[in-house]
Amino acid sequence: MSTFLHPGTQTHQIELAAPSISALHASSTGIDFVHEIASCIDGPEVLITALVHGNEYSGALALKEFLDAGVRPRCGRITAIFCNVAAFSRFDESKPDSSRYVDEDFNRVWDVDRLNEPASSSELDRARVLRPFVERSSYLLDLHSMHEPCGALLVTGLLQRNIDFAQALNTGAQAIVDAGHEDGVRMRDFGKFGQQDQPGIALLLEAGQHWARASLEMARNTLIRFLLASRVIEKNDVPQGWLLPDFPSPPPIFVTHRVVAKSMDFRFIDDYHGGEVIKIAGTIIATDAGHPVCVPYDDCILVMPSVRQLRPGVTTVRFGHLIN
Ligand SMILES: [Zn+2]
């Protein structure tokens, strides 16, 4: 008898309980779940965001712990935002994949035209409220996690400054250099963060599997290294146990293709978790309504394969190669 479980049917153990964030509802900013800690000395505007996806709460655990630790910036301002709280409030351990969003993916609405148009959704309305905090920030770290167990990744977009910043963090996370998604704009690509001629550092951490203990440790480690690298805190300010040992990052992966599901009958042919290297061009890795999905070149790396949020138009896997 086969013990193979297809991705999307396998249930992952929930090692981390969802955080209680109700005490963080009110803040001096006047916006729900938006907290600022400012220094008297001018300096960088650093924004740390969690719960962009409502079921990815390892970042929210780290961010709440950070606020509870009382760390203050030496200069500038740190803003902490719990983004899609409406979706998170629906988290249910018995169906943990279903609280990613309420109406639409919060991380696909960051197109200026969409934000300016009158249409309304739970996520668009929240994005409009949060937009001024994103626009004013000079450094953005967006804390996410992944459907399948996989080593941590730092999604950088295409700009070299972000790739360099990610590599210098020494978290061991592999940089994913990509242009985003067809079905909308991510927060980390919004405005200046995606423009060559503008300043601004933006990274998106995929810390590991959503509910794995190691994902919380990676979220803490990356959060605190990001604050150190943006020079708003110093090493003496780091809460005990947050910094993991330096771990040189592997070469970045350049994403060349995104596979978008055309049907609800998209199936991987193996139990891929991400990071697999498919040696031969033309190898079939999935079928979509019976049609083969093949890798386009030799030594093709699979990035974040998953059918947990499957619907036509959703990215099911990216193809990439190493940048040496
Ligand atoms: Zn996410």
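A quick note: this is a predicted structure, and the numbers were derived from the prediction, not measured.

Asker: Which parts of the structure should I look at to understand the overall build of the protein?
Answerer: In terms of regular secondary structure, the protein is built from 6 helices and 14 strands. Relative to its length of 324 residues, the protein is compact, with a C-alpha radius of gyration of 19 Å against a globular reference of 20 Å. With respect to the three principal axes, the spread of C-alpha positions in the protein is 60 × 40 × 40 Å. The buried share of the protein, taken over its 324 residues, is 55%. Of the accessible surface of the protein, which amounts to about 13,900 Å², a share of 52% is contributed by carbon and sulfur atoms. Charge separation in the protein, taken as the distance between the mean sites of 29 positive and 40 negative side-chain charges, equals 3 Å.

Asker: What is the right way to look at the domain arrangement of the protein in this model?
Answerer: For interface size, the figure often reported is the accessible area lost on association. By the assigned domains, the protein splits into domain 1 (22–237) and domain 2 (253–322). Taking only C-alpha atoms, the centre of domain 1 and the centre of domain 2 are 26 Å apart. Contact with domain 1, which involves 22 residues of that partner, is made by 19 residues of domain 2. Taken together, the two surfaces of domain 1 and domain 2 that pack against each other cover about 1,700 Å², and 52% of this comes from carbon and sulfur. Taken together, the links from domain 1 to domain 2 amount to 2 salt bridges. Note that D97 is salt-bridged to R308, the shortest N-O span being 3.2 Å.

Asker: Sorry if this is basic, but what is going on with the state of the cysteines here?
Answerer: Two cysteines form a disulfide when their sulfur atoms are joined by a covalent bond. Summed over the entire model, instances satisfying the criterion amount to 0 disulfides. Free of any disulfide, C40 has its nearest neighbouring cysteine sulfur in C75, separated by 11 Å. Take C40: its relative accessible area is 84%, and that puts it in the exposed class. The structure places no disulfide on C150, whose sulfur is separated from the nearest cysteine sulfur, that of C300, by 14 Å.

Asker: Looking at this structure, I do not really get the environment of K235. What am I missing?
Answerer: Its location among the elements puts K235 in the loop between helix 6 (213–229) and strand 8 (253–260). For K235, a relative accessible area of 61% gives the class exposed. Each C-alpha atom, one on K235 and one on V52, is 28 Å from the other, the two residues being 183 residues apart in sequence. Among residues more than four places away in sequence, those in contact with K235 are L228 and L243.

Asker: Would you explain the coordination of the zinc ion in this entry?
Answerer: When a metal carries six donors in an octahedron, the ideal angles between them are 90 or 180 degrees, while four donors in a tetrahedron ideally lie at 109.5 degrees. Within the protein, H53 (ND1), E56 (OE), E56 (OE) and H144 (ND1) serve as the donor atoms for the zinc ion, at 2.1 to 2.5 Å. Of note is the zinc ion, whose 4 donor atoms meet at the metal with angles of 55 to 150° in an arrangement that counts as irregular. The sequence motif formed by the donor residues of the zinc ion is H-x2-E-x87-H. One end of the pair, H53, is in the loop between strand 2 (45–50) and helix 1 (58–69); the other, H144, is in strand 4 (residues 139–146), and 91 residues separate them in sequence. In terms of burial, H53 and H144 fall into one category: buried.

Asker: Hey, could you run me through the sheet that holds strand 13 (residues 300–303) in this one?
Answerer: Two strands in a sheet stick together by hydrogen bonds in their backbones, pointing the same way (parallel) or opposite ways (antiparallel). Strand order across the open sheet formed by 11 strands is 1-3-2-4-7-5-6-8-14-13-10, with mixed pairing between neighbours. Here the strands that pair on one side only, and so sit at the sheet edges, are strand 1 (34–38) and strand 10 (277–278). Here strand 8 pairs with strand 14 (residues 315–322) via 7 bridges, running antiparallel. When the sheet's bridge partners are listed, F254 is paired in strand 14 with H321.

Rules behind the numbers
- Residues numbered from 1 in each chain as written.
- Predicted model: local features only at pLDDT ≥ 70, side-chain atom pairs only at ≥ 80, totals over all residues.
- Heavy atoms only, no water.
- Helix = DSSP H or I, 4+ residues; strand = E, 2+ residues; numbered from the N terminus.
- Rg over C-alpha atoms; globule rule 2.2 N^0.38 Å.
- Buried < 20%, exposed > 50% of the residue type's maximum accessible area, 1.4 Å probe, protein only.
- Areas by Shrake-Rupley, 256 points an atom, 1.4 Å probe, with all protein chains shown as cover.
- Lys, Arg positive; Asp, Glu negative; His and termini not counted.
- Charge placed at Lys NZ, Arg CZ, Asp CG, Glu CD.
- Domains from an automatic or database assignment.
- Contact = heavy atoms within 4.5 Å.
- Buried area = accessible area lost by both parts, 1.4 Å probe.
- Salt bridge = Lys/Arg side-chain N within 4 Å of Asp/Glu carboxyl O.
- Disulfide = S-S within 2.5 Å.
- Donors = N, O, S within 2.8 Å, 3.2 Å for Na, K, Ca; no water.
- Tetrahedral: all angles 85-135°; square planar, octahedral: opposite > 155°, others 65-115°.
- Pairing = 2+ DSSP bridges.

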